[in-house]
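# Chain and residue survey
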Amino acid sequence: MAIATSKLTAQGQVSVPAHVRRRLGLAPGTVLEWRDAGDHVIVQRAGKYTSEELHAALFSKQRPPRKTLAELQEGIRSYVRKRHARR
């Protein structure tokens, strides 16, 4: 059962009905993703990252080595010296 219909223009543009835009939270500039599903096409709001990419970023196995307090303080001193050095 169709929830809405749209007409394709000569330039290949499609209008998304207002109630569909509200339901999907679409605003100007939103990127839509078109997926081939055999005998029909699925249109959905495109995500910036896939769930696999987010999981890898949040739960990666490799962590940077921890710094000691002295190393952190020396890094801050070095940054401040470079940032505020007289020219």
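None of the values given here were measured: they were computed from a predicted structure.

Within the protein chain, the regular secondary structure consists of 3 helices and 2 strands. Helices and strands in the protein chain line up, N terminus first, as α-β-β-α-α. Overall, the protein chain is about 65 × 40 × 20 Å in size when its C-alpha atoms are taken along their principal axes. Accessible surface, the protein chain as shown: approximately 8900 Å² in total, 56% of it carbon and sulfur. A distance of 14 Å separates the average location of the 17 positive side-chain charges in the protein chain from that of its 7 negative side-chain charges.

The pairing of strand S1 (residues 32-37) with strand S2 (residues 40-45) spans 6 bridges and is classified as antiparallel. Counted as the bridge partner of Glu 33 is Gln 44 from S2. Hairpin connection, S1 to S2: the antiparallel pair is bridged by 2 residues, and Gly 38 has positive phi, about 75°.

With that out of the way, let us pick up the pattern of salt bridges. Applying the stated criterion to the full structure yields 3 salt bridges. Residue Glu 33 pairs with Arg 35 through a salt bridge whose shortest N-O separation is 2.8 Å. Take Glu 33: its relative accessible area is 26%, and that puts it in the partly exposed class. The exposure class of Arg 35 is partly exposed, given its relative accessible area of 42%. Among the ionic pairs, Arg 77 bridges to Glu 74, the shortest N-O distance being 3.1 Å.

Attention shifts here to a nonpolar patch on the surface. Residues Leu 8, Val 14, Trp 34, Val 41 and Val 43 make up a contiguous nonpolar surface patch of roughly 500 Å² in combined accessible area. One can find Val 41 in strand S2.

Here the focus is the confidence of the model for the protein chain. For the protein chain, the mean per-residue pLDDT works out to 85, and 99% of the residues sit at or above 70. By mean pLDDT, the top-scoring element of the protein chain is helix H3 (residues 69-83) (92), and the lowest-scoring one is helix H2 (residues 51-58) (78).

Turning to the environment of Gly 47, a few remarks are in order. For Gly 47, the position within the fold is in the loop between S2 and H2. Sequence separation between Gly 47 and Val 31 is 16 residues, and the spatial gap between their C-alpha atoms is 8.2 Å.

Rules behind the numbers
Along each chain, numbering runs from 1 in the same order as the chain's sequence is written. Totals for whole chains, interfaces and linings use all residues, but because this is a predicted model, local features are given only for residues with pLDDT of at least 70 and pairs of side-chain atoms are given and counted only at 80 or more. With hydrogens and water set aside, each side-chain value is computed from the structure's full complement of heavy atoms. Helix and strand definitions follow DSSP, with helices as H or I runs of at least four residues and strands as E runs of at least two, each counted in order from the N terminus. Surface accessibility follows the Shrake-Rupley procedure with a 1.4 Å probe radius. Residue values consider only the protein chains on display as shielding. Neither His nor the chain ends contribute to the count of charged residues, in which Lys and Arg are positive and Asp and Glu negative. By convention, the charge on Lys lies at NZ, on Arg at CZ, on Asp at CG and on Glu at CD. Two strands qualify as a pair provided that DSSP identifies no fewer than 2 bridges between them. Whenever a carboxyl oxygen of Asp or Glu lies within 4 Å of a side-chain nitrogen of Lys or Arg, that contact is scored as a salt bridge. Here's how the labels work: a residue is buried when its accessible area is under 20% of the maximum for its type, exposed when over 50%, partly exposed in between, all with a 1.4 Å probe on protein chains only. Within this analysis, patches are made of residues with over 30% relative accessible area and no salt bridge. Like charges are joined at 9 Å or less; nonpolar side chains (Val, Leu, Ile, Met, Phe, Trp, Tyr) at 5 Å or less. The predictor rates its confidence in each residue with pLDDT, a number between 0 and 100.

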